[in-house]
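# Secondary and tertiary structure notes
Now for the letters of each chain:
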Amino acid sequence: MNQPTYTMKDFLDAVEALFHSNDSEIKNKSNKFICEFDKRPEAWNIAMEILSTNQLKEEAYYNAIQLLKAKIKYDFGNALDKKELVMNTLIFLIDNIDKFKTSMHYIISNFCQVFAMTMVFSGDNFKQAMKLCVDKLNDQKSIENLLSLLMIFNFLAEANANEQIVIDETNKAIFSNNLKEIEGDVMAYLNFVVKSIITNQNAFPNVKNIEQYKKLFSDNVLEAFTNWTKFDLEGKALTRLDTDFIDVLNFIFTIEQNNMQKHAECICMLLQLPLESPEMQNLAKLVFSKILPYKDILYQTSIDSLDIEETGFFIDVFCTLAQNNLDQIFTEKRFDLIKIIVDLTKQSDPIKINNIIDFWIMFMQYVFNKRIKTEEILVIFKPMFIELVMNMMKLMQFDK
């Protein structure tokens with residue numbers, strides 16, 4: 001028995017019912033229909049038709065974008081030998097981005113994510129597609145264009161790490177190599193955004209909601225830095241953070257209260273760079289010089305005065321700092337950095353328990369593997385360990 005063929009109107013009617021019907025049974029049926037629709041052969045064409053149509057409701061565009069996401073993620077691997085289809089899709093997305101760049105943020109964000117996911121399959125056409133994209137969006141008079149380009153850069157590295165995208169290892173490697181070619185350009189763009197938009201008081205004076213835009217730019221710069229650093233920890237562009245991209249580095253350490261977790265992720269990624277390598281020695285000194293003052297700030301302001309979010313931020317940073325620099329800590333006897341982690345545990349959110357336990361197990365393994373003298377362990381680390389256990393016991397009681 002043949003399945004019925006659905007039209008764009010059928011899909012739009014289901015979206016309308018899901019979002020606006022007062023009948024719960026109708027809403028449930030519509031939701032099931034929409035959730036299963038991406039498996040249908042006509043889903044691709046209907047999604048493209050919706051995105052080509054002007055003045056539809058935002059929920060219609062959003063659900064069409066979700067259709068494309070599912071198709072690209074799970075079915076586009078079959079189109080790797082159809083380069084023209086992939087390129088035409090990318091051109092279609094570039095041509096239609098103007099329709100969504102002033103929409104609600106979740107619409108344009110998902111649209112940019114679709115473009116980035118499609119780029120995974122671009123192969124030899126990667127450079128051509130990126131040029132078309134940059135030529136379209138690198139307009140320094142349009143804050144919407146600049147934000148869209150930033151999100152695409154962010155999502156490109158995210159797509160590379162997305163293990164749900166069905167693609168063979170050979171073509172995945174081609175995409176990774178293509179990303180490495182533009183890593184320097186991406187970091188330069190992040191630097192431009194920080195210098196020209198985020199930290200510029202006079203950026204786009206005619207934009208009424210400029211602070212809201214700056215928050216979006218800040219979020220995406222921090223996310224993009226984390227994603228690109230995860231992608232290529234030894235990338236050549238990262239060795240230029242203390243010179244060509246110093247504005248990005250400074251911004252990462254200019255902690256915004258409402259973005260502490262994202263700043264912490266960036267700092268932790270910095271600490272995972274191969275800072276011991278000769279080409280990163282200057283960067284290493286700069287990174288440590290920016291982190292260590294927080295030790296003094298913590299004890300001047302009293303760790304007890306930190307809220308849970310602030311404590312979580314410092315636990316992430318100092319655990320990563322200590323974990324990746326134990327040789328230097330023992331050589332210079334910087335055990336005060338370990339004591340900070342012990343003290344922070346008093347104020348920690350219970351969700352950080354595993355992070356702290358994992359760090360301490362790794363730390364003690366290091367101590368025994370290096371055959372640190374027993375006397376030194378007893379004098380320096382026994383009091384710390386006892387205090388840590390007591391703090392952890394209180395934390396676990398609170399967790400229950």
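Residues numbered from 1 in each chain as written. Predicted model: local features only at pLDDT ≥ 70, side-chain atom pairs only at ≥ 80, totals over all residues. Heavy atoms only, no water.

## Topic: helix 2 (residues 24–37)
What counts here: The helix count covers DSSP runs of H or I at least four residues long, the strand count covers runs of E at least two residues long, and both are numbered beginning at the N terminus. Expected span, for any helix, means 1.5 Å times one less than how many residues it has. Under the scheme applied here, a residue whose accessible area is under 20% of the maximum for its type counts as buried, over 50% as exposed, and between as partly exposed, the area being computed with a 1.4 Å probe on protein chains only. The arc refers to the directions leading from the helix axis to the C-beta atoms. Throughout, a contact is declared for two residues whenever any of their heavy atoms are within 4.5 Å. Pairing of N or O atoms within 3.5 Å defines a polar contact, subject to two protein rules: one partner must be a possible hydrogen donor and the other a possible acceptor, and residues neighboring in sequence count only if both atoms are side-chain atoms.
Relative to the 20 Å expected for 14 residues at 1.5 Å per residue, helix 2 spans 20 Å between its end C-alpha atoms, a close match to the ideal helical length. Along helix 2, the residues that are buried comprise Ser30, Ile34 and Phe37. Down the axis of helix 2, the smallest arc covering the buried residues is 60°, so these residues share one side. In helix 2, the exposed residues that point more than 90 degrees away from the buried face are Ser24, Asn28, Lys29 and Lys32. Buried residues along helix 2 sit in contact with helix 1 (8–20), helix 3 (43–52) and helix 4 (58–75). Measuring from the backbone nitrogen of Glu25 back to the side-chain oxygen at the start of helix 2 gives 2.9 Å, which picks out Asp23 as the cap.

## Points about a nonpolar patch on the surface
The line we're drawing: Patch membership requires over 30% relative accessible area and the absence of a salt bridge. Like charges are linked within 9 Å, and nonpolar side chains (Val, Leu, Ile, Met, Phe, Trp, Tyr) within 5 Å. Using a 1.4 Å probe, accessible areas were evaluated by the Shrake-Rupley method; residue-level cover was limited to the displayed protein chains. Here, a salt bridge means any side-chain nitrogen of Lys or Arg that lies within 4 Å of a carboxyl oxygen of Asp or Glu.
Judged by side-chain polarity, Phe385, Val389 and Met393 come together as a nonpolar surface patch covering roughly 250 Å² of accessible area. Position of Val389 relative to the elements: it lies in helix 19 (residues 374–399). A relative accessible area of 32% means that Val389 is categorised as partly exposed.

## A few points about the state of the cysteines
Here, disulfide denotes a covalent bond that connects the sulfur atoms of two cysteines. Stated precisely, the cut-off is as follows: By definition, disulfides here are pairs of cysteine sulfur atoms that lie within 2.5 Å.
Taken as a whole and assessed by the stated rule, the structure comprises 0 disulfides. Left without a disulfide partner, Cys133 is nearest to the cysteine sulfur of Cys112, which lies 7.9 Å away. On the accessibility criterion, Cys133 (1% relative accessible area) is buried.

## Focus on unusual backbone geometry
Only a minority of non-glycine residues have a phi that is not negative, and only a minority of peptide bonds are not trans. Notably, Phe204 is not glycine yet its phi reads approximately 50°, a positive angle. Summarising the element assignment, Phe204 is placed in the loop between helix 9 (169–198) and helix 10 (210–231). Backbone geometry at Lys333 places phi at a positive 55°, although glycine is not the residue there. Note on placement: Lys333 falls in the loop between helix 16 (326–331) and helix 17 (336–344). A relative accessible area of 52% means that Lys333 is categorised as exposed.

## Side note on the packing of helix 9 against helix 10
Test applied: Interaxial angle, 0 to 180 degrees, is taken between N-to-C directions of lines fitted to C-alpha atoms, where a helix line uses only the stretch in contact. When an angle is under 35 degrees it counts as roughly parallel; over 145 it counts as roughly antiparallel; between 65 and 115 it counts as roughly perpendicular; any other value is oblique. Left-handed describes a crossing whose near helix is turned anticlockwise from the far helix by less than a right angle; the clockwise case is right-handed. Only Asp, Glu, Lys and Arg are considered charged in this grouping, and only Ala, Val, Leu, Ile, Met, Phe, Trp, Tyr, Cys and Pro are considered nonpolar; every other residue, Gly among them, is considered polar.
For the pair helix 9 and helix 10, the least separation of the axes is 10 Å and the interaxial angle reads 150°. Between helix 9 and helix 10, the crossing angle belongs to the class labelled roughly antiparallel. For the pair helix 9 and helix 10, the sense of crossing is left-handed. On helix 10, the residues touching Ser176, Leu179, Lys180, Ile182, Glu183, Val186, Met187, Leu190, Val193, Val194, Ile197 and Ile198 of helix 9 are Lys214, Phe217, Ser218, Val221, Ala224, Phe225, Trp228 and Phe231. Grouping the amino acids of the contact of helix 9 with helix 10 by side-chain chemistry returns 15 nonpolar, 2 polar and 3 charged.

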